[in-house]
Amino acid sequence: MEHIPVLLRECIEGLAIKPEGIYLDGTLGRAGHSFEIARRLKGGRLIAVDKDAAAIENAGKTLAPYADAVTLVQDDFRNVGVILDRLGIDKVDGMLFDLGVSSPQLDDPGRGFSYMADAPLDMRMDITYGALTAYDVVNTWPEDKLRRILYEYGEERHAGRIAARIVSERERAPIETTLRLVEVIRSAMPAKALREKQHPAKRTFQAIRIAVNDELGAIREMLETAPDRLNIGGRLCVISFHSLEDRLVKEAFLSRVRGCTCPPDLPVCACGFKQTLRLLPAKPIVPTEGEIKENPRSRSAKLRVAERV
Ligand SMILES: C[S@@+](CC[C@H](N)C(=O)[O-])C[C@H]1O[C@@H](n2cnc3c(N)ncnc32)[C@H](O)[C@@H]1O
């Protein structure tokens with residue numbers, strides 16, 4: 001299937017690519033954005049990061065025409081500072097983060113991300129790392145912790161009912177597969193909720209995926225480090241797909257735009273915070289109707305762009 005990168009033109013404009021610059025794509029995926037960055041470089045470098053080994057392998061093929069200008073790194077973008085240190089790079093001219101899961105991850109039934117295909121409950125973006133899988137979350141986490149993630153990460157109204165049903169079902173037999181989990185979720189939901197347009201398991205699956213991959217923790221850590229690793233004039237572009245992600249990005253950007261937090265009547269700054277980012281533009285960029293029609297996945301995307309000052 002053809003791959004349509006989300007908000008591609010807007011990201012490329014936001015990055016304001018200089019041919020001899022150094023750029024980092026922290027979410028390589030299918031290399032849609034990376035390809036467009038790499039082909040604009042002349043003497044520059046692209047560091048392309050993804051925690052998913054399959055993404056690194058496949059994107060390597062896509063980026064082969066620009067192999068001399070691209071460094072592929074399998075790592076978590078929460079380590080953006082360490083990644084740059086390892087490469088001996090102090091600062092870069094632009095960074096892009098297109099958050100969430102990729103279509104190959106969703107479409108590969110074996111990975112367990114999809115509520116449409118039967119698979120073991122896994123949902124790890126990096127299958128070479130870590131012990132925690134969706135199976136562990138579903139079968140071992142206490143009910144109140146399950147309820148909390150369903151509510152907070154999935155914004156699931158029926159979090160309490162679903163968590164309680166998961167716990168009562170798993171006491172009889174472990175919940176091993178995606179479709180078994182869908183069955184359990186359905187059985188916990190009120191009939192009216194089952195008639196809604198959205199798939200009844202969508203929010204629960206989102207919540208478990210975020211928990212398994214500590215997605216919000218990774219975004220927080222990246223946002224703390226990334227702005228300090230930009231050259232003056234360097235750009236930071238982040239595409240988020242739901243309000244939890246966007247809130248983190250918005251708040252991190254604003255705290256760097258605000259700078260000094262001292263009361264206005266204080267004659268000299270005592271807090272020491274300085275403005276390090278400027279928003280470009282102030283409001284997030286969203287897809288056009290045309291893009292949403294062509295690529296429905298872009299519907300909830302929000303791109304925030306900031307410049308290092
Ligand atoms: C939405 S896709 C990116 C799509 C990409 N921009 C393209 O055009 O093909 C998100 C990718 O980011 C990766 N990812 C998500 N969280 C990550 C993290 N914390 N560190 C590294 N990669 C991450 C996923 O494995 C996935 O491949």
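Up top is the structure.
Note that this is a predicted model, so its numbers are computed, not measured.

Caption draft 1: The arrangement of the environment of Val184 in detail. Structurally, Val184 can be placed in helix H9 (residues 178–188). Here Val184 falls in the partly exposed class, since 19 other C-beta atoms lie within 10 Å of it. C-alpha of Val184 to C-alpha of Ala201: the two residues are 17 residues apart in sequence and 9.4 Å apart in space. Contacts of Val184, omitting those with residues within four sequence positions, involve Arg165, Ile166, Glu169 and Ile175.

Caption draft 2: Expanded view of the site of the ligand. Close contacts around the ligand come from 21 residues, with Thr27, Gly29, Arg30, Gly32 and Ala218 the closest. Secondary-structure elements contributing two or more residues to the shell around the ligand are helix H2 (32–38) and strand E2 (45–50). Per-class residue counts for the shell around the ligand are eight nonpolar, six polar and seven charged.

Caption draft 3: Representation of the nonpolar core. The biggest cluster of nonpolar side chains holds 51 residues, and the ones touching the most others in it are Tyr23, Leu46, Ala48, Val49, Met95, Met222 and Cys237. Broken down by element, the residue count for this core peaks at five residues, all from strand E5 (residues 230–240). When neighbours within four sequence positions are excluded, Val49 is seen to be in contact with Leu24, Asp25, Gly26, Leu28, Val73, Asp75, Phe77 and Ile83.

Caption draft 4: The pairing of strand E1 (residues 22–25), seen in detail. Burial along E1 is two-sided: the residues Ile22 and Leu24 and Tyr23 and Asp25 are all buried. Bridging between E1 and E2 involves four bridges; their strand directions are parallel. Residue Tyr23 lies in a different strand from E2, and its bridge partner there is Leu46. Of the crossover connections in this fold, the one passing from E1 over H2 to the parallel E2 is right-handed. Here E1 runs beside strand E4 (residues 92–98); their pairing, made up of three bridges, is parallel. What sits directly across from Asp25, in E4, is Leu96.

Rules used in this analysis
Residues numbered from 1 in each chain as written. Predicted model: local features only at pLDDT ≥ 70, side-chain atom pairs only at ≥ 80, totals over all residues. Helix = DSSP H or I, 4+ residues; strand = E, 2+ residues; numbered from the N terminus. Buried ≥ 20, exposed ≤ 12 C-beta atoms within 10 Å, placed from the backbone. Contact = placed C-beta atoms within 7 Å. Near = placed C-beta within 6 Å. Nonpolar A, V, L, I, M, F, W, Y, C, P; charged D, E, K, R; others polar. Core = buried A, V, L, I, M, F, W, Y, C linked by C-beta atoms within 7 Å. Pairing = 2+ DSSP bridges. Right-handed = clockwise from strand over helix to strand, strands pointing away.

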